[in-house]
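Commentary on secondary and tertiary structure
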Amino acid sequence: MFKKMAVSVFAFVMLGLTSGDVQTAEKHYKIGALLPLTGNASFIGEYVKNGIELATEEINAGGGISGTKIEMLYEDTKNDPKEGVSIVNKLTSIEKVPIIISAMTGVTNAIIPMADRNNTVVFATTVSASGITEQSQNVFRLFITADIDASTMAKFAADSLKLKKIAIIHVNDDFGLSFAKVFTSTFQGKDRKVIFTEGYDKGTSDYRTLILKLKIASPDAVYLLGYDNNLGIIPKQMRELDITMPILSIGTIAQPNVLLQAGNALNVTYFTTTEFSADNPMNEASKKFIENYRKKYGKAPNYFSAFAYDSVKLIANAIKIKGYSPEGIRSGLLGIKDFKGTTGSITIKSNRDADFKMIVKKIEDGKVTDAK
């Protein structure tokens, strides 16, 4: 009798624990986050993770989404598409997440078919390549695009700098190829031409052979595309080989670790960036974000962090309005109009992209200034 009662009590306790565990699990909205936390793009991954963490903590501190907290599942892709595919298989089959935040173009391209197969929404950030959202109704993007970014630099090179001959050196992946293609089609005209284009592997550390080819081509300037390590090394090796032409590039080239690595080699470098500025907040949401970011991480945020932060806020808004399901999240995101984010007023268009105005700035004598 006593044994039966003990077994019954034990079973009841275990049932209660199991039930409690399930209830606890149900009280968290799980969201996957595929980031390059190690490897050649880890600098970007760190800033993106910081932005995601800050937004998640703020939402949870405020009671979560209608009383339910967010649980962010971080995974390191190492900026390797194969790693991304493996992780998505785990997140969709085991964790059953309805939405994944994805960083980096190559990884995002690779995981879209996997996400589609499991009806999972992919919310892309730090992904600029053209045509990402065209691949699936499950893909959304809150980030600058190659169509806007590369064309902004091409128009600046032609109209403001009056350049006639441009060379392009790009990382040989979806991101680099996409930017090179848009820049070329926008820049080339009656008296303007891209005279040299060549790619390199993102893991390369010695670019001298490629740089010597650039020197022989003798362009007016070079449009340089890559990740932080690439952008820190290539300009330095260019200057070592007495190549003094101006450099045109993307916002990554002006990040602190790149400026430190390249030093004076980045003198007379033009780059595209968003209107987000840690030194000059564009609105109250931006000001609050910058203050909280500095307090938490002891440094200023950049636009990678800002877009990641806004991405979480948009996803939370979509879940609150339409529910925690792929269908609900899709519907909620498509309904977002004039959302007041740190990066400005955000509207998700019918093609599931959000556009942002790009501007050009200049690096000279180690300082970033407005380009003229």
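Numbering of residues starts from 1 in each chain and follows the order in which that chain's sequence is written. Reporting of local features is limited, given that this is a predicted model, to residues whose pLDDT is at least 70; pairs of side-chain atoms are given and counted only at 80 or more, and all residues count toward the totals for whole chains, interfaces and linings. Values reported for side chains reflect all heavy atoms of the structure, with hydrogen atoms and water molecules removed beforehand.

Another point: the sheet that holds strand β14 (residues 367-370). In this analysis, strands are considered paired if DSSP registers two or more bridges between them. A run of DSSP states H or I qualifies as a helix once it reaches four residues; a run of E qualifies as a strand once it reaches two. Both are numbered from the N-terminal end. The strand order across the open sheet built from 7 strands is β7-β6-β8-β9-β10-β13-β14, with neighbouring strands paired in mixed fashion. Of all strands in the sheet, those with a lone pairing partner are β7 (193-200) and β14, marking the two edges. Across the sheet, the axes of successive neighbouring strands diverge by a mean angle of 25°, strand direction being ignored. Sheet analysis places strand β8 (residues 221-225) next to strand β9 (residues 247-249), joined by 2 bridges and oriented parallel. Residue Tyr 223 lies in a different strand from β9, and its bridge partner there is Leu 248. An axis is simply a line fitted to the C-alpha atoms; with a helix, the fit covers only the stretch in contact. Between two such axes, the angle follows the N-to-C directions and lies from 0 to 180 degrees.

In space, the 5 strands of this open sheet follow the order β2-β1-β3-β4-β5, with parallel pairing throughout. At either margin of the open sheet sits one strand with a lone partner, and together these are β2 (69-76) and β5 (139-141). Along the sheet, successive strands turn relative to each other by an average axial angle of 25°, direction set aside. Note that strand β3 (residues 99-103) and strand β4 (residues 121-125) share 5 bridges and pair parallel. Paired with Ile 100 across the two strands is Val 122, which belongs to β4. Between two residues, a contact is recorded if the distance between any of their heavy atoms is within 4.5 Å. Sheet strands in contact with helix α4 (residues 105-117) are β1 (28-35), β3, β4 and β5, and its direction is about 160° off that of β3. In the packing of helix α11 (residues 303-322) onto the sheet, contacts are made with β1, β2, β3 and β4, and the angle to β4 comes to roughly 155°.

Contact geometry of α11 with helix α12 (residues 326-334) gives a least axis separation of 8 Å together with a crossing angle of 115°. On the basis of their axis angle, the class for α11 and α12 is roughly perpendicular. In this structure, α11 meets α12 at a crossing whose hand is right-handed. Contacts from Leu 314, Ile 315, Ala 318, Ile 319 and Lys 322 of α11 reach α12 at Gly 328, Ile 329, Ser 331, Gly 332 and Leu 333. Roughly parallel covers angles under 35 degrees, roughly antiparallel covers those over 145, roughly perpendicular covers 65 to 115, and oblique covers all other angles. A crossing counts as left-handed when the near helix is turned anticlockwise from the far one by less than a right angle, and as right-handed when that turn is clockwise.

Attention now goes to the environment of Lys 69. If you trace the backbone, Lys 69 turns up in strand β2. Taking relative accessible area as the criterion, Lys 69 reaches 40% and is therefore assigned partly exposed. Expressed as a C-alpha distance, the spacing of Lys 69 and Thr 56, which sit 13 residues apart in the sequence, is 8.6 Å. Setting aside chain neighbours within four positions, we find Lys 69 in contact with Lys 27, His 28, Tyr 29, Asn 60 and Gly 64. Three exposure classes are used, based on accessible area relative to the maximum for each residue type with a 1.4 Å probe and protein chains only: buried under 20%, partly exposed in between, and exposed over 50%.

Next up on the list: the packing of aromatic side chains. Any pair of Phe, Tyr and Trp rings, taking the six-membered ring for Trp, is counted once the centres come within 6.5 Å. Such a pair is stacked with planes under 30 degrees apart, edge-to-face with planes over 60 apart, and tilted for the rest. Tallied over the full model, the rule gives 17 aromatic pairs. Between Phe 143 and Phe 307 the ring centres are 5.1 Å apart and the planes differ by 70°, which places this aromatic pair in the edge-to-face class. Highlighted residues: Phe 143 in the loop between β5 and α5 (146-159) and Phe 307 in helix α11, separated in sequence by 164 residues. Aromatic rings pair up to connect Phe 276, Phe 289, Tyr 293, Tyr 297 and Tyr 309 into one cluster. A ring is scored as having a charge over it whenever the NZ atom of a lysine or the CZ atom of an arginine sits within 6 Å of its centre and within 35 degrees of its normal. Across from the ring centre of Phe 187, 5.8 Å away, lies the NZ or CZ of Arg 192, which sits over that ring.

On to the packing of helix α2 (residues 42-61) against helix α10 (residues 284-297), then. Running from amino to carboxyl end, α2 crosses α10 at an angle of 105°, the nearest separation of the two axes being 11 Å. The angle between α2 and α10 falls in the class roughly perpendicular. Across the interface between the two elements, Tyr 47, Asn 50, Gly 51, Glu 53, Leu 54, Glu 57 and Glu 58 from α2 touch Phe 289, Asn 292, Tyr 293, Lys 296 and Tyr 297 from α10. By residue class, the composition of the contact of α2 with α10 is 5 nonpolar, 3 polar and 4 charged. In this classification, Asp, Glu, Lys and Arg are treated as charged, Ala, Val, Leu, Ile, Met, Phe, Trp, Tyr, Cys and Pro as nonpolar, and every other residue, Gly included, as polar.

This paragraph deals with the side chain of Lys 362. Within the secondary structure layout, Lys 362 lies in strand β13 (residues 358-364). Overall, Lys 362 belongs to the buried group, its relative accessible area being 16%. Think of a polar contact as two N or O atoms within 3.5 Å of one another; within protein, one of them needs to be a possible hydrogen donor and the other a possible acceptor, and neighboring residues in sequence only count if both atoms come from side chains. Within the local environment of Lys 362, its side chain forms a polar contact with the side chain of Glu 364, the two groups lying 3.1 Å apart. With near-sequence residues (within four places) excluded, Lys 362 lies in contact with Val 268, Thr 269, Tyr 270, Phe 271, Lys 367, Val 368, Thr 369 and Ala 371.

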